[in-house]
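# Architecture at a glance
Residue-level listing of the chains:
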Amino acid sequence: MSEQSTTAATADHAVHLAPVRGRDRIAVLDVIRGVAILGIFFMNIPFMAGPIWNALSDPRTMGWSPADQITWMVIETTWEGTQRGMLEFLFGAGLLVTAAKAMEPDGPVAVADLYIRRNLWLLLFGLFDIFCLLWPGDILHIYALCALALFPFRRLSVRWLIPLGLSFAAFGLVFGAIQYHGRSATQTAYHSAMAKQQAHQPLTKEEAKAVQEWRKIEQRIAGKDPTIEKEAKKEAEARASRSMADYAGWMIGAYLTILGKGELLGGVLEAFPAMLLGMALWKLGFIQGRRSTREYLLVLLLAYGFGMGARYIGCVERLAFMPQPKTIWLTDEFARLAVSLGHLAAINLLVRGSLSGRVVGVFGPAGQMAFTLYFMEQIAGLWIMFSPIGLDLPGGQGWAHLALQATIVIAVLLVFANVWMRVFASGPLEWLWRSLSYWERQPFRRVAPAAG
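As the structure is a prediction and not an experimental result, all values here were calculated from the model. (Residues numbered from 1 in each chain as written. Predicted model: local features only at pLDDT ≥ 70, side-chain atom pairs only at ≥ 80, totals over all residues. Heavy atoms only, no water.)

### Observations concerning helix α11 (residues 226-240)
Taking 1.5 Å as the rise per residue, α11 with 15 residues should run 21 Å; its terminal C-alpha atoms sit 21 Å apart, in good agreement. Listed as buried for α11 are Ile-228, Glu-231, Ala-232, Glu-235, Ala-238 and Arg-239. The buried residues of α11 all sit within an arc of 125 degrees when viewed along its axis, so they share a single face. Facing away from the buried side of α11, by more than 90 degrees, are the exposed residues Pro-226, Lys-230, Lys-233 and Ala-240. Those residues of α11 that are buried are in contact with α2 (27-49), α3 (52-57), α10 (205-221) and α12 (244-260). Directly after α11, the chain includes Arg-242, whose backbone phi takes a positive value near 60 degrees. (Helix = DSSP H or I, 4+ residues; strand = E, 2+ residues; numbered from the N terminus. Expected span 1.5 Å × (residues − 1). Buried < 20%, exposed > 50% of the residue type's maximum accessible area, 1.4 Å probe, protein only. Arc of directions from axis to C-beta. Contact = heavy atoms within 4.5 Å.)

Dropping the structure here:
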């Protein structure tokens, strides 16, 4: 063995790896994680309750009272996708926390081993969530796949991380512009064809094709697309059978349908660049609260102004329930990232206040056991509330009613997390995940500091 390899081996042997605990934890990261992991239930509960296939094309099928309309618009404008955004930022930042001892080319290999092993276990937990807890919307396996490819990017500077992190949004902008232009051309041709028909003039081949395409889009928006009708029928039959086997079969089938449509790749393409942005935010000191109050206020105003503004316009466009071109096709991912960034700024500002800091501080324990709470949300929704062997609550209850139910579940989980973390060092699944990752049984109960 050469002198260089001997030195590397000695350094690798000497490095001490252990989970971050106690005072070494960064409180604001736990608060952000707690807000995101509990808030994600607002987004997931409509999928758990159903009927979801029709609601994806026409939200009115879920319930459309005035309260439902306000709830839907508020969630779409301020929250949809941003909990994923915050978690993706945290994953990127988490890599830099984990890999702090391996930032140099000759850093300890043990850090990379731990990081890869940790995310392989996360991948298995995600598959368990899909095929055992029956949640087709699992994010863990997507984040694990992204994280496995993230490690080589740890040493990139901010000036590279930001443009790479915005690559998916830029692609969405270009693709959306092409889609917008194509729909505008179809709309123009359609209106021209309608004017000709009223004047009893023959249509050209292009105009007839535009009419056919326009009406096909109208049917899809109304939930009358053959594919949507087929999947909606399967869902209705599975939920109406009151059979757990049918229920489980449909849930797993829903994931396989999502997989077949390329949504897994889409999820990876969305999450990975956002994780790169999370790395940049960590290196800038933004995510962990090291910027000035003035900077956080400025980011909050700019991010919310653009992000929520673009999303509100997108909601108005969707509520027309017409095939007209929509600006949200261009701005969607930029707006999602902007609102997610605004949430980070808002939480960092709230943590700094004496009263507001205590209020948002209750989300800290939830962030420390976010992994456990995520699985508890699946158990609550898929097994207790809406499954045939649980309460079997009806679907189509309306957006407002579902948001109220989600709020109750979130409140219960928040109280549970605060009580649990007074006694234990981590959540039960966090303990299991860490023990498997380190190949060593980790402390479970909280240990009181020694006197003196």
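### Focus: the packing of aromatic side chains
Each aromatic ring pair is summarised here by two numbers: the centre-to-centre distance and the angle between the ring planes. If you walk through the whole model with that rule in mind, you get 21 aromatic pairs. Geometrically, the ring pair formed by Tyr-374 and Phe-375 is edge-to-face, given 6.1 Å between the ring centres and 85 degrees between the ring planes. This pair shows no difference in class: Tyr-374 is buried, exactly as Phe-375 is. An aromatic cluster is present here, built from Phe-125, Phe-128, Phe-371, Tyr-374, Phe-375 and Trp-433 joined pairwise through their rings. (Phe/Tyr/Trp six-rings, centres within 6.5 Å; stacked < 30°, edge-to-face > 60°.)

### Section: empty space enclosed by the protein
All chains considered together, the criterion is met by one cavity of 30 Å³ or more. Within this model, the largest cavity holds a volume of roughly 30 Å³. Taken together, Phe-42, Ile-45, Pro-46, Ile-75, Trp-399, Leu-402 and Ala-403 make up the lining of the largest cavity. At the level of secondary structure, the elements contributing two or more residues to the lining of the largest cavity comprise α2 and α19 (399-423). Taken together, the residues that form the lining of the largest cavity break down as seven nonpolar, no polar and no charged. (1 Å grid on protein atoms, 1.4 Å probe; cavity = no way out; pocket = protein on both sides within 12 Å on 5 of 7 lines; lining within 4 Å. Points joined across faces, edges and corners; volume = space filled by probe spheres on them. Nonpolar A, V, L, I, M, F, W, Y, C, P; charged D, E, K, R; others polar.)

### Some thoughts on a nonpolar patch on the surface
On the surface, Leu-124, Leu-127, Phe-131, Leu-256 and Leu-259 cluster together into a nonpolar patch covering about 420 Å² of accessible area. Mapped by element, the contributors of at least two residues to the nonpolar patch are α6 (109-131) and α12. Take Leu-124: its relative accessible area is 48%, and that puts it in the partly exposed class. (Patch = residues over 30% accessible without salt bridge, like charges linked within 9 Å, V, L, I, M, F, W, Y side chains within 5 Å. Areas by Shrake-Rupley, 256 points an atom, 1.4 Å probe, with all protein chains shown as cover. Salt bridge = Lys/Arg side-chain N within 4 Å of Asp/Glu carboxyl O.)

### Digging into the pattern of salt bridges
Under the criterion given, the structure shown has 14 salt bridges. The partner of Lys-234 in a salt bridge is Glu-231, and the shortest N-O contact between them spans 3.9 Å. Pair noted here: Lys-234 and Glu-231 are both in helix α11, with a separation of three residues, about one helical turn. Given a relative accessible area of 10%, Glu-231 falls into the buried group. Note that Arg-242 is salt-bridged to Asp-392, the shortest N-O span being 2.7 Å. With Arg-242 in the loop between α11 and α12 and Asp-392 in the loop between α18 (370-385) and α19, this pair connects stretches of sequence that are 150 residues apart. Within the structure, one salt-bridge network assembled from shared partners comprises Glu-80, Arg-84, Glu-88, Glu-270, Arg-311, Glu-333 and Arg-336.

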